[in-house]
Amino acid sequence: ERKATNKYYPPEWDPSKGSINKFRGQHPLRERARKLDQGILIVRFEMPHNIWCEGCKAHIAKGVRYNAEKKCIGNYFTTKIWNFRMKCHLCPNYIEVETDPKNSEFVISKGARKKMEEWEDGEENGTIKLLTDDDRKTLEDPFAKLENAVHDQKKAEAEAPALDDLIRFRDTRKNDGQLSYMLRKNFRDVKRNDLSLKREAEKKNLSIALLAPSQSDAAEAEEIRFSSPAVREKMKRLEIRSSSIFTKPSPLASSSIKDPKKLAKLKVLMKTTQRTK
């Protein structure tokens, strides 16, 4: 009962008429007890598993709460088996969940199916593996203890540099004010670079965002050489002269292009055109 605990007793009530609920003709649980004649009590039920509703095929997460109808459907020895019936909040489908005292869990009996989730064992997943009998015997063995000690020492020596780096990194960032200053400075630098690139793009009348210049792009641009139209015309004429008069070029013609003398002439032509620019 989440309402106020104080009750209003009208003037016509007296203790001989029983409790205030009996006097008013209502149950202490009020609306939650409207189906008590059928053995059903309305309770607040929390979904115990991640499930898929069979009505709307929607996913219902673990922990979602419903107003469920609770009733007893049997016994496991002396323990009662309870059934919780609730309506999906996304469709008219009804979901039923039952208790399983034998296995100490909840079972989805109708209207939905449980989402199958597999978990891997290991400390990295948040689970701790317990020691078995063989592990305990190994720890009690003096030779095994000596081997484990040597192994732990080698592991500590191997991980010592990384641990020193972490300690050094932590010592350089102890001051919260310094961390805040570094973060804000980095943000201002990035914002300043983005603004300069945006202004440069506007000056060049470009509608695309420019990237910051890099050394690899500069080195690749320096390797590119564009020939002049005169040089391209000379190369084309030289290729025509050295090619065959037939439709298919002969291998001799293609090999004649690789003549060192002709290549030297082409290099001279390239140099002369670059000087005239």
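Reading guide: rules and limits
- Residues numbered from 1 in each chain as written.
- Predicted model: local features only at pLDDT ≥ 70, side-chain atom pairs only at ≥ 80, totals over all residues.
- Heavy atoms only, no water.
- Helix = DSSP H or I, 4+ residues; strand = E, 2+ residues; numbered from the N terminus.
- Contact = heavy atoms within 4.5 Å.
- Areas by Shrake-Rupley, 256 points an atom, 1.4 Å probe, with all protein chains shown as cover.
- Pairing = 2+ DSSP bridges.
- Axes fitted to C-alpha atoms, helices over the stretch in contact; angles between N-to-C directions.
- Patch = residues over 30% accessible without salt bridge, like charges linked within 9 Å, V, L, I, M, F, W, Y side chains within 5 Å.
- Salt bridge = Lys/Arg side-chain N within 4 Å of Asp/Glu carboxyl O.
- Lys, Arg positive; Asp, Glu negative; His and termini not counted.
- Charge placed at Lys NZ, Arg CZ, Asp CG, Glu CD.
- Parallel < 35°, antiparallel > 145°, perpendicular 65-115°, else oblique.
- Nonpolar A, V, L, I, M, F, W, Y, C, P; charged D, E, K, R; others polar.
- Buried < 20%, exposed > 50% of the residue type's maximum accessible area, 1.4 Å probe, protein only.
- Phe/Tyr/Trp six-rings, centres within 6.5 Å; stacked < 30°, edge-to-face > 60°.
- Core = buried A, V, L, I, M, F, W, Y, C linked by side-chain atoms within 4.5 Å.

### Structural notes on the overall build of the protein chain
For the protein chain, the helix and strand inventory stands at eight helices and eight strands. If you take every contact in the protein chain between residues at least 6 apart in sequence, the share linking residues at least 24 apart comes to 33%. Counting only carbon and sulfur atoms, one obtains 55% of the accessible surface of the protein chain, whose full area is about 23800 Å².

### Considerations on the sheet that holds strand β8 (residues 112–114)
By way of backbone hydrogen bonds, the strands of a sheet pair with one another, either parallel or antiparallel. Spatial strand order, β3-β2-β8: three strands in an open sheet with antiparallel pairing. In the strand order of this sheet, the two ends are held by β3 (59–60) and β8, each with one partner. Relative to β3, strand β2 (residues 51–53) runs antiparallel, the two being bridged by two bridges. Within β3, the residue paired with I51 across the bridge is I60.

### Thoughts on the sheet that holds strand β7 (residues 105–110)
Read across the open sheet, the five strands follow the order β1-β4-β5-β6-β7; overall the sheet is antiparallel. Two strands close off the open sheet at either side, each with one partner strand: β1 (41–46) and β7. Averaged over all pairs of adjacent strands, the angle between strand axes in this sheet comes to 40 degrees, irrespective of strand direction. Note that strand β5 (residues 79–87) and strand β6 (residues 94–100) share five bridges and pair antiparallel.

### Observations concerning a negative patch on the surface
Taken together, the side chains of D217, E220, E222 and E223 define an acidic patch exposed on the protein surface. With respect to the helices and strands, the residue E223 is situated in helix α5 (residues 215–223).

### Points about unusual backbone geometry
The phi angle at K57 is positive, at roughly 60 degrees, despite the residue not being glycine. Along the chain, the position of K57 falls in the loop between β2 and β3. Phi angles above zero are rare outside glycine, and S104 is one such case at about 55 degrees. Mapping S104 onto the fold places it in the loop between β6 and β7.

### Things to note about the environment of G39
Summarising the element assignment, G39 is placed in the loop between α1 (20–24) and β1. Sequence separation of G39 and K70 is 31 residues, and the distance between their C-alpha atoms is 8.3 Å. With residues near it in sequence (within four places) discarded, G39 still touches K70 and K71.

### Structural notes on the packing of helix α2 (residues 133–140) against helix α3 (residues 142–172)
To describe two helices that pack against each other, one gives the angle between their axes and the distance between the axes. For the pair α2 and α3, interaxial distance at closest approach is 5 Å and the crossing angle is 85 degrees. By the angle between their axes, α2 is roughly perpendicular relative to α3. Every residue of α3 that contacts α2 at T138, L139 and E140 is listed here: P142, A144, K145 and N148. Tallied by class, the residues present in the contact of α2 with α3 amount to three nonpolar, two polar and two charged.

### A few points about the pairing of β6
Here β6 lies mainly inside the structure; five of its seven residues are buried. Hairpin remark: β5 followed by β6, antiparallel, with six residues in the connecting loop. Hairpin connection, β6 to β7: the antiparallel pair is bridged by four residues, and S104 has positive phi, about 55 degrees.

### Observations regarding the pattern of salt bridges
Considering all chains together, one arrives at eight salt bridges under this definition. In this structure, E69 engages K35 in a salt bridge whose closest nitrogen and oxygen atoms are separated by 2.6 Å. You can see E69 sitting in strand β4 (residues 65–76) and its partner K35 sitting in the loop between α1 and β1, a full 34 residues away along the chain. With a shortest N-O distance of 3.4 Å, R65 and E46 are connected by a salt bridge. Of this pair, R65 sits in strand β4 while E46 sits in strand β1, and the two are 19 residues apart along the sequence.

### Topic: the packing of aromatic side chains
The tally for this structure, following the rule as stated, stands at four aromatic pairs. Where Y9 meets W13, the ring centres are 4.8 Å apart and the plane angle is 45 degrees; that geometry is what we call tilted. Residue Y9 is classed as partly exposed on the basis of its relative accessible area, which comes to 42%. Taken together, a centroid distance of 5.9 Å and an interplanar angle of 75 degrees make the contact between F45 and F106 edge-to-face. Linking F45 in strand β1 with F106 in strand β7, this pair joins segments that are 61 residues apart in sequence. The exposure class assigned to F45 is buried, which follows from its relative accessible area of 6%.

### Regarding the nonpolar core
Across soluble globular proteins, nonpolar side chains have a tendency to be buried as a group. Counting residues in hydrophobic clusters, the biggest one holds 16 residues, and the most contacted among them are I51, I60, M86 and I95. Among the elements of the structure, β1, β2, β4, β5 and β6 are those that each provide at least two residues to this core. Sequence-distant contacts of I95, defined by excluding residues within four places in its chain, comprise I51, I60, F84, R85, M86, C88, K110, G111 and A112.

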